[in-house]
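Coordinate inspection notes
Residues per chain, in single letters:
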Amino acid sequence: MCSISFIYLISISLSCFLLSLYFLLNNMIYFIEWEVVSLNSSSIVMTFLFDWMSLLFMSFVLMIASLVIFYSKEYMSNDNNINRFIMLVLMFVLSMMLLIISPNLISILLGWDGLGLVSYCLVIYFQNIKSYNAGMLTALSNRIGDVAFLLAIAWMLNYGSWNYIFYLEIMQNEFEMLVIGSLMMLAAMTKSAQIPFSSWLPAAMAAPTPVSALVHSSTLVTAGVYLLIRFNIILSTSWLGQLLLLLSGLTMFMAGLGANFEFDLKKIIALSTLSQLGLMMSILSMGFFKLAMFHLLTHALFKALLFMCAGAIIHNMNNSQDIRLMGGLSIHMPLTSACFNVSNLALCGMPFLAGFYSKDMILEIVSISNVNMFSFFLYYFSTGLTVSYSFRLVYYSMTGDLNCGSLNMLNDESWIMLRGMMGLLIMSIIGGSMLNWLIFPFPYMICLPMYMKLLTLFVCIVGGLSGYLISLSNLYFLNKSLFMYNLSTFLGSMWFMPYISTYGMIFYPLNYGQLIVKSFDQGWSEYFGGQHLYQKLSTYSKTLFLMHNNSLKIYLMLFVFWILILMNFLLFL
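Residues numbered from 1 in each chain as written. Predicted model: local features only at pLDDT ≥ 70, side-chain atom pairs only at ≥ 80, totals over all residues. Heavy atoms only, no water.

Some thoughts on the overall build of the chain
Cut-off, in case you're wondering: By the criteria applied, helices consist of DSSP H or I runs no shorter than four residues and strands consist of E runs no shorter than two, each listed in order from the N terminus. We compute the radius of gyration from the C-alpha atoms alone; for a globule the expected value is 2.2 Å times N to the 0.38, where N is the number of residues. In this analysis, two residues are considered to be in contact whenever any of their non-hydrogen atoms come within 4.5 Å of each other. Where accessible areas are quoted, they stem from the Shrake-Rupley method and a 1.4 Å probe; at the residue level, only the protein chains shown are allowed to cover. All tallies of charge rest on Lys and Arg as positive and Asp and Glu as negative; His and the ends of each chain are not included. Here the site of a charge means atom NZ of a Lys, CZ of an Arg, CG of an Asp or CD of a Glu.
The helix and strand tally for the chain stands at 25 helices and 2 strands. Computed over C-alpha atoms, the radius of gyration of the chain comes to 31 Å, more than 25% over the 25 Å expected from 2.2 N^0.38 for 573 residues, which places it beyond the range of a compact globule. Taken over the C-alpha atoms alone, the chain extends approximately 115 × 75 × 50 Å along its principal axes. For the chain, the proportion of contacts with a sequence separation of at least 24, taken over those separated by at least 6, is 79%. In the form shown here, the chain has an accessible surface area of approximately 27,500 Å², with 70% of it arising from carbon and sulfur atoms. Of note, the chain has its 20 positive side-chain charges centred 12 Å away from the centre of its 20 negative side-chain charges.

Shown next as structure tokens:
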């Protein structure tokens, strides 16, 4: 099943990539209508939009999916239900394809809800209470966006059809289109885990690691960004863009801070994904949709590789995810460590790796754009934080001595997993420059003063140094002072967002429900209703029973009275 799926997906991916090149070179867009049903005067038409953007994104999704399935062949080899797992991944890919090529809100909804449902099934794949809680949080957070999507479909009834792509430019200043745009923004924010819906993404790390590599790094979470790339005209012509810039900038900042206080390997990478999603959303809200698409594609490559390396490490560490127990992995697992470091450096924006081309261009575009000091600070500080947590991760896992048991099974012999990783390693090195040549028809010449050009590099170096310093154990123990402890608890728990999303939402309704149950259902209404009636009737029954038991005369007299009353009643009738 794994091998067939891998060959099938990689071949479709290659054909999509070649098609996207053809479409890019000739500046073509194909809009295909397929009439599904035609009955009298009404017809149901399915529409597909093929342009360079959809074909390129599709080819990347399929390529990562194929390599992840190949990787799962070994990673999930002990699982009895591996075929079920592969089927779920394929259903996920199918939903993603439907979402990417649809210019129609109804068909997008099919893909959108398919993503949500399959994502839930994959999060609860390992059946335990933690997975169920994470799955529930994921599903319910995404339901908010789904409701917004349904409302947007209802608002589209003001127009002739649900093909939003026809109306975006003409109706961009209309109130209806603003409402649709704001609903779409809400839907995209839930799917891409922006503040205040961020807590589900780290929770979804309860899923198997191949799922995290495909779903929660490169495809599902970027569906929201992709949707907003299609709706980018509304963002740039209204106040929605400014609101999105603020929220996504804060998401980027919050996730970067949180990752510096986290010790769970997969959660660190999840928070780094959240930070990069904030970067994509914020540059998109400023109107640079091509840059957002560029970063989306490069990020998908190195983040999927990062998760695969993390999976190989966890596999070898006997399913332990705590980075404090790791150390010296570069000696025991050299090839995996090389892939891990390449993807980490690509994430930091190391020159000439995949992440550098998109991140550097985004930060330079921000420098020449008309943004305020706060946004500028969020962009650059978050970049520094990215380098900081990456270097901290390398310090904890790659250097020093191994901190787990002396009897271990660390090896670099998992060849199927390594082959899957090598495919993405090559793309993480050459992908950025390749896409840079393809997407932009002419080179961007961004003219800035020397100190502004070097600011990005300076921020990265300072971030790397701070990442090393906060990892040193003697500095770590400074955090144990009361103020620092409270601060690190606040920052490390994503500004208390997981608590607000769960207990905060459910505490008052449940409390109110308990009061109602206590006061009414099991209180006064119970006292005057069921219980009171039962007590009175049983008291009367007991009294009559006593009378009947103790005196035959009274019993017979009552019987005579009862007959007399009955006869009188019948006479009156």
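Some points on the packing of aromatic side chains
Cut-off, in case you're wondering: When two rings of Phe, Tyr or Trp (its six-membered ring) have centres within 6.5 Å they constitute a pair, described as stacked for plane angles under 30 degrees, edge-to-face for angles over 60, and tilted for the intermediate range. Think of it in three bands: residues with accessible area under 20% of the maximum for their type are buried, residues over 50% are exposed, and the middle band is partly exposed, with areas taken using a 1.4 Å probe on protein chains only. When the NZ atom of lysine or the CZ atom of arginine is within 6 Å of a ring's centre and also within 35 degrees of its normal, the charge is said to sit over that ring.
Across all of its chains, the model carries 29 aromatic pairs by this definition. Summarising the aromatic geometry, the rings of Tyr 22 and Phe 23 are spaced 6.4 Å apart at their centres and angled 70 degrees between planes, so their arrangement reads as edge-to-face. What makes Tyr 22 partly exposed here is its relative accessible area of 46%. On the basis of relative accessible area, Phe 23 is assigned to the buried category, the value being 5%. Members of the aromatic cluster, joined through ring pairs, are Phe 253, Phe 377, Phe 381, Phe 490, Trp 495, Phe 496 and Tyr 499. Sitting over the ring of Trp 112, Lys 191 keeps its end group 4.9 Å from the ring centre. Sitting above the plane of the Phe 263 ring, Arg 324 keeps its charged end 3.9 Å from the centroid.

Remarks on the pairing of strand 2 (residues 42-50)
Every other side chain in a regular strand lies on the same face of the sheet, so the side chains alternate between the two faces. Quick note on the threshold: Strands qualify as paired when DSSP identifies two bridges or more between them.
Relative to strand 2, strand 1 (residues 30-39) runs antiparallel, the two being bridged by 9 bridges. Paired with Trp 34 across the bridge in strand 2 is Met 46. From the end of strand 1 to the start of strand 2, which pair antiparallel, there are 2 residues, and Asn 40 there has a positive phi angle of about 55 degrees.

Details of the domain arrangement of the chain
The condition is simple: Where each domain begins and ends is defined by an automated method or by a domain database.
By domain assignment, the chain separates into domain 1 (1-472), domain 2 (479-522) and domain 3 (523-572). Relative to domain 3, the C-alpha centre of domain 1 lies at a distance of 76 Å.

Brief notes about the packing of helix 23 (residues 497-528) against helix 24 (residues 530-550)
As a reminder, the rule being used: In this analysis an axis means a line fitted to C-alpha atoms, helices contributing only their contacting stretch, and an angle means the value between N-to-C directions, from 0 to 180 degrees. Here is the rule for handedness: rotate from the far helix to the near one, and if that takes an anticlockwise turn smaller than a right angle the crossing is left-handed, while a clockwise turn gives right-handed. Residues are sorted three ways: Asp, Glu, Lys and Arg are charged, Ala, Val, Leu, Ile, Met, Phe, Trp, Tyr, Cys and Pro are nonpolar, and all the rest, Gly among them, are polar.
Two elements in contact, helix 23 and helix 24, have axes whose closest approach is 4 Å; the angle formed by their N-to-C orientations is 35 degrees. When the axes of helix 23 and helix 24 are compared, the crossing they make is right-handed. Along the contact surface, helix 23 presents Ser 525, Glu 526, Tyr 527 and Phe 528, while helix 24 presents Gly 530, Gln 531 and His 532. In terms of residue class, the contact of helix 23 with helix 24 is built from 2 nonpolar, 4 polar and 1 charged.

Focus on the packing of helix 15 (residues 334-348) against helix 16 (residues 354-368)
Our working definition: Note on angle classes: values under 35 degrees are labelled roughly parallel, values over 145 roughly antiparallel, values of 65 to 115 roughly perpendicular, and the remainder oblique.
Where helix 15 contacts helix 16, the two axes come as close as 7 Å, and the packing angle between them is 10 degrees. If you check the angle between helix 15 and helix 16, you find them roughly parallel. Together, Ala 346, Leu 347 and Cys 348 of helix 15 and Ala 354, Gly 355, Phe 356 and Lys 359 of helix 16 make up the contact between the two elements. Residues of the contact of helix 15 with helix 16, tallied by class, amount to 5 nonpolar, 1 polar and 1 charged.

Things to note about the pattern of salt bridges
Worth spelling out the cut-off: By salt bridge we mean one thing: a side-chain nitrogen of Lys or Arg within 4 Å of a carboxyl oxygen of Asp or Glu.
The final tally for this structure, using the stated rule, is 5 salt bridges. Its salt-bridge partner being Asp 146, residue Arg 143 comes within 2.6 Å of it at the nearest N-O pair. One end of the pair, Arg 143, and the other, Asp 146, are both in helix 5 (residues 129-155), 3 residues apart, so they sit about a helical turn from each other. Overlapping salt bridges bring together Asp 113, Arg 143 and Asp 146 as one network.

Some details on helix 7 (residues 175-191)
Applicable threshold: How far a helix is expected to stretch is found by multiplying one less than its residue total by 1.5 Å.
With 17 residues, helix 7 extends 25 Å between its outermost C-alpha atoms, agreeing within 8% with the 24 Å of an ideal straight helix rising 1.5 Å per residue. Within helix 7, 12 of the 17 residues are buried, which leaves the element mostly enclosed by the surrounding structure. Within the span of helix 7, buried status applies to Met 177, Val 179, Ile 180, Gly 181, Leu 183, Met 184, Met 185, Ala 187, Ala 188, Met 189, Thr 190 and Lys 191. Phi turns positive one or two residues past the end of helix 7, at Ala 193, with a value near 55 degrees.

Here we look at empty space enclosed by the protein
Heads up, the condition is: Only protein atoms enter the 1 Å grid used here, on which a cavity is any set of points holding a 1.4 Å probe that cannot leave and a pocket is any open set flanked by protein within 12 Å on both sides along at least five of seven lines; residues with an atom within 4 Å of a point are listed as lining. Grid points are joined across faces, edges and corners, and a volume is the space filled by probe spheres set on the points.
If you walk through the whole model with that rule in mind, you get 2 cavities of 30 Å³ or more. Reported here for the largest cavity is a volume of approximately 40 Å³. Of all the elements in the fold, those that place two or more residues in the lining of the largest cavity are helix 12 (265-285) and helix 17 (373-398). Considering each element in turn, the lining of the largest cavity owes the most residues, 4 residues, to helix 17. Among the residues making up the lining of the largest cavity, the classes are represented as 3 nonpolar, 5 polar and 1 charged. Looking at the lining of the second largest cavity, the elements with two or more residues in it are helix 12, helix 15 and helix 17. When the residues that make up the lining of the second largest cavity are grouped by side-chain class, the tally is 6 nonpolar, 3 polar and no charged.

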